[in-house]
Amino acid sequence: MSNSDLTSILFILLLLVGLAQLFGYCFVKLRQPKVVGEILAGIVLGPALIGRLPFASSLLEAIQHQANILNFVYWLGLLLLMFLSGAETRHLFSREERREVSWLAIVGTGIPFILGIVLGPWLIRPSLAGPNGNRSSLIIILAVGVAVTSVPVVSKIFADLKILHTRFARLVLGVAVLEDIVLWLALAVATAIAGKTEFSTRELSRHLITTIVFFGLGLTIVPRIIKRINKSPLNVFAKHSPAAYAIAILLGYCVVAGALGVSVVFAAFLAGFAVVHKKRRLFSEALDAISKVSFAFFIPAYFVLVGLKLDLVHGLSLRMMVAFIIGSCIVKCFSVSLAGRFAGFHGLDLLNLAITTNARGGPGIVLASVAFDAGIISPTFYTTLVLTAILTSQMAGAWLDYVLRRGWLLLTPHIGETDTISTEQNLPGAAVISVKPN
């Protein structure tokens, strides 16, 4: 790499991250999700706005010229985002309110996902498919896109509105965690079968079994093994350089997953899940250091590059976007409302739960990114999924802010209920909840 090439890539990164932080700051001040501002920064830099100006043509050419390096930054930001999300998963789920969380997770997520699978064969069109998209993978992506709920964006909205300590936040985040674990598995299966026009039963079975076993071990046995290794007195690496050790776990998971043909994105999530344990938070300072660097540079750069990939000139179908947003919102809100009725909620409680769990946020964008990079979906469907994630997150934040300003209750409290939940802000864009026994 010549000095001019190095200067070019450093200037592009400075521009990307600088605009991401600027737009993110503005959106936070407007009480909106920061991630929306970061994606908007990419859209502004892209061919829809600044890219249409004559003087910006050289900038877009430079970005195309440095595509390999930018793709590496993009993937590193995505892996770090999934790693930190996995680390937060251990803390977001509470054992209280098991009945309510179970109803909301099983019915509220199950109905949209099953409807997507059942109706998918009649809903998918050639315009949705990418170069590697096939019938099965497209149906799974459609089902996941309808059912997914965002943990990072929703928790950030709760933190900004200062309601993270409430039972409402505890229920929504507990449901979102369970949803995401199941739906990441479904997305991993979709990427495993992408690009196959003719299925070999043996090959398909091998992919599915490998993916499911990798996920199963990553959620159960492997975290226990890593916990023992972490606490071993012989593990000088973890003791003297905990941040490097946590990154090594992330890279190790990704290498193993890549060798097995499993998506490294989901391996990063499981790596974060393994690093942190319920009873004792290991490597808290190391994870905090990693999160500060990640959320300052790599993750904003990832979201800006997501915005850059949005082709609002040629890749936007208003008909597809409106149909998907309205259809998915109706199905999701109806399912969550029905689940809330079974769980014993009524009236405004149901509306608050439905609108909040309808926020697709970060996972919706990751879904679109992974499916698009795997060649499963077309640029038009990619744009639709990303814009759906942005707009549903905007709706959730605006609605909760409106409810609180009107002085309405998010959930009707139980008789004699006392809230003894303590909250701790640890990762930017995410939150840690610890529950104290009543």
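Please refer to the structure higher up on the page.
Q: Please explain the overall build of the protein chain as it appears in this structure.
A: A count of helices and strands for the protein chain gives 18 helices and two strands. By residue count, 55% of the 438 residues in the protein chain fall in the buried class. Counting only carbon and sulfur atoms, one obtains 67% of the accessible surface of the protein chain, whose full area is about 19500 Å².

Q: For this particular structure, what's the right way to read the packing of aromatic side chains?
A: The relative placement of two aromatic rings is captured by the distance of their centres and the angle of their planes. Taken as a whole, this structure holds 10 aromatic pairs when the rule is applied. A ring pair is formed by Y74 and W75, whose centres lie 5.8 Å apart and whose planes are at 85 degrees; its orientation type is edge-to-face. We classify Y74 as buried; its relative accessible area is 1%. The interplanar angle of 35 degrees and the centroid separation of 5.7 Å between the aromatic rings of W399 and Y402 together place this pair among those described as tilted. With W399 and Y402 both in helix 18 (residues 379-406) and three residues apart, the pair spans about one turn of that helix. Grouping aromatic residues by their ring pairs yields a cluster made of Y74, W75, Y302 and F303.

Q: Where do I start with a nonpolar patch on the surface in this structure?
A: A cluster of nonpolar side chains, namely I114, L115, I117, V118, L119, W122 and L123, defines an oily patch on the protein surface of about 680 Å² accessible area. Mapping I117 onto the fold places it in helix 5 (residues 98-123).

Q: Would you explain the environment of G261 in this entry?
A: Along the chain, the position of G261 falls in the loop between helix 12 (242-260) and helix 13 (264-275). Owing to a relative accessible area of 44%, G261 belongs among the partly exposed residues under this scheme. Residues G261 and T210, 51 residues apart in the sequence, show an inter-C-alpha distance of 8.2 Å.

Q: For this particular structure, what's the right way to read the nonpolar core?
A: Soluble, globular proteins show a tendency: their nonpolar side chains are buried together. Counting 105 residues, the largest nonpolar core has I141, Y253, Y302, I377 and F381 as its most contacted members. If you tally residues by element for this core, the top one is helix 14 (residues 284-309), at 12 residues. Leaving out residues up to four positions away in the same chain, I141 has contacts with L187, A190, L367, A371, I376, I377, F381 and L385. Counting 30 residues, the second largest nonpolar core, distinct from the first, contains V175, A343, I355 and A396.

Q: I tried to follow helix 10 (residues 221-231) on my own but got confused; where do I start?
A: For helix 10, every residue scored as buried is listed here: P223, I226 and N230. All buried residues of helix 10 fall inside an arc of 60 degrees around its axis, so they share one side. Residues of helix 10 that are exposed and point more than 90 degrees away from the buried face comprise R224 and R228.

Q: What is the right way to look at helix 3 (residues 57-65) in this model?
A: Note: α-helices contain 3.6 residues per turn, so residues at a spacing of three or four share the same orientation. Residues of helix 3 that are buried: L59, A62 and I63. All buried residues of helix 3 project into a common sector of 100 degrees when viewed along the axis, lining one side. Exposed positions of helix 3 whose direction lies more than 90 degrees from the buried face are E61, Q64 and H65.

Q: Which parts of the structure should I look at to understand the state of the cysteines?
A: Covalent bonding between the sulfur atoms of two cysteines is what defines a disulfide. Evaluated as defined, the whole model comprises zero disulfides. Of all cysteine sulfurs, the one in C329 lies closest to C333, which takes part in no disulfide; the gap is 5.9 Å. Its relative accessible area of 22% is what places C333 among the partly exposed residues.

Q: Can you help me understand the side chain of T109 in this one?
A: Locating T109 in the fold gives a position in helix 5. What makes T109 buried here is its relative accessible area of 9%.

Q: How do you make sense of the pattern of salt bridges when you look at a structure like this?
A: Oppositely charged side chains may form a pair once their charged atoms are brought near each other. Going through the model one piece at a time under the given rule, you end up with two salt bridges. Here K292 and D288 are joined by a salt bridge, their closest N and O atoms 3.4 Å apart. One end of the pair is K292 and the other is D288, both in helix 14 and four residues apart, which spans about a single turn. Of the charged contacts, one joins D401 and R405 as a salt bridge, the two residues approaching to 3.0 Å between their closest N and O atoms. Highlighted residues: D401 and R405, both in helix 18, separated by four residues, approximately one helical turn.

Reading the values: the criteria
- Numbering of residues starts from 1 in every chain and runs along the sequence as written.
- Whole-chain, interface and lining totals are the exception, using all residues; otherwise, since this is a predicted model, local features are given only for residues with pLDDT of at least 70 and side-chain atom pairs are given and counted only at 80 or more.
- Excluded from the side-chain calculations are hydrogens and water; all other atoms, namely the structure's heavy atoms, are used.
- Every helix listed is a DSSP run of H or I at least four residues long, and every strand listed is a run of E at least two residues long, numbered separately from the N terminus.
- The buried label goes to any residue with under 20% of its type's maximum accessible area, the exposed label to any with over 50%, and the partly exposed label to all in between, with areas taken from a 1.4 Å probe on protein chains only.
- Here the Shrake-Rupley method, with its probe set to 1.4 Å, supplies the accessible areas, and only the displayed protein chains count as covering residues.
- Side-chain rings of Phe, Tyr and Trp (the six-membered ring for Trp) are treated as a pair once their centres are within 6.5 Å; stacked means planes under 30 degrees apart, edge-to-face means over 60, and tilted covers the remaining angles.
- Patch membership requires over 30% relative accessible area and the absence of a salt bridge. Like charges are linked within 9 Å, and nonpolar side chains (Val, Leu, Ile, Met, Phe, Trp, Tyr) within 5 Å.
- Salt bridge criterion: a side-chain nitrogen from Lys or Arg within 4 Å of a carboxyl oxygen from Asp or Glu.
- In plain words, nonpolar cores are sets of buried Ala, Val, Leu, Ile, Met, Phe, Trp, Tyr and Cys residues tied together by side-chain atoms within 4.5 Å.
- Contacts were defined at the residue level, with two residues in contact if any of their heavy atoms lie within 4.5 Å.
- In this description, the arc belongs to the directions extending from the helix axis to the C-beta atoms.
- Two cysteine sulfur atoms make up a disulfide if the distance between them is within 2.5 Å.

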